[in-house]
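Structural characterization, general
Spelled out, the chains give:
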Amino acid sequence: MHVRAGHDEVDAIAASGADVVLNGITGSIGLTPSIAALRAGSQLALANKESVVAGGHLLFDAQTRPDQINPVDSEHSAIWQSLRSGTHAEVSRLVVTASGGPFRGRTRERMRDITPEQALNHPTWHMGPVVTINSSTLMNKGLEVIEASRLFDIPPERIAVTVHPQSIVHSMVEFRDGATICQASPPDMRLPIALGLSAPDRLDDVAAACDWSTAASWTFEPLDDEAFPAVDLARRCLNASEKHTAVLNAANEQAVHAFLDRRLPYLGIVDTVGRVLDAMDGELRGAPRFTSVDDMLACEHEARARADAIIAAR
């Protein structure tokens, strides 16, 4: 039996005895259902990256057995699949791919007057508004670096990000002998979702494979950290503490909603997140790990309030 997790179904998850629970909620409200699924002994097909980013050790401590989480985000599913080619000790680094979003190639100066309509026009994927804006600022990629580091136990300095506009190579694993293994397929979320539910087995004919009879070019470009500082900000939070990553996520959600409501300019999104982190840094370092979900929610509440105050004062 498969159960789609929602924030009103936590008790049902615990009582269901489901073999696999798919959590596709957006936002940190997905943490409690994720923990409930793990504690119930279900395999967790996880598409809610905030469970990892905001929950920190609270999520992993809820596991009742090793390898209980099946990643569903296309990038993490690709890494998960590629890791079958070697042991953890043989991994040199992970390479997370990014489409670059609708503003790939623009300088920071050329992004000052971006509107919500422009930012919601993603060139590859059709997603909800928050995830789409996160993809345009590359905050989504920053959150994915955090998620990859924690899911696969790889330090952030061994996780690279490369811009791949075609979105065919969904991520890669580089091994210590120089070999790089990737998972490639046309952009279609049915594939990672199906594998998240069926692993370790693969289902038949889930999605179209690459058409090798047609000429095609795959390109890879370095990330422009000056124009898109969100990934570097996420790395710094990952190195600091799990509370920093929770604040990063919460402040970003508030800033994105303010941008969509036209209360904040586009460049103000990541700038606001950075200001919240600067303001809270000392208190976060004083007690870097959460003691409970309520502790995490209180930290998030403070981060959201700080973000709202900064936005209102602009």
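Further up the page is the structure itself.
This section reports on the structure supplied with the text. Remember, it's a predicted structure, so these values are computed and weren't measured experimentally. (Residues numbered from 1 in each chain as written. Predicted model: local features only at pLDDT ≥ 70, side-chain atom pairs only at ≥ 80, totals over all residues. Heavy atoms only, no water.)

Points about the environment of Arg 235
Position of Arg 235 among the secondary structure elements: in helix α10 (residues 230-240). Expressed as a C-alpha distance, the spacing of Arg 235 and Gly 142, which sit 93 residues apart in the sequence, is 7.0 Å. Beyond its immediate sequence surroundings of up to four residues, Arg 235 is in contact with Val 145, Pro 156, Ile 159, Ala 160 and Val 161. Engagement of the side chain of Arg 235 in a polar contact is seen with the backbone oxygen of Ile 159, the distance being 2.7 Å. (Helix = DSSP H or I, 4+ residues; strand = E, 2+ residues; numbered from the N terminus. Contact = heavy atoms within 4.5 Å. Polar contact = N/O pair within 3.5 Å; in protein donor to acceptor, adjacent residues only side chain to side chain.)

A word on helix α7 (residues 129-137)
Among the 9 residues of α7, 8 are classified as buried, and the element is accordingly described as predominantly covered. The complete set of buried residues in α7 reads Val 130, Val 131, Thr 132, Ile 133, Asn 134, Ser 135, Ser 136 and Thr 137. If you follow the buried residues of α7, they end up packed against α6 (116-119), α8 (139-152), α10, α11 (242-260) and α12 (268-286). Following α7 by one or two positions, Leu 138 adopts a phi angle in the positive range, close to 70 degrees. (Buried < 20%, exposed > 50% of the residue type's maximum accessible area, 1.4 Å probe, protein only.)

Quick word on the environment of Glu 226
Looking at where Glu 226 falls in the secondary structure, it is placed in the loop between β9 (221-222) and α10. Taking the C-alpha atoms as reference points, Glu 226 and Asp 201, 25 residues apart in sequence, are found 42 Å from one another.

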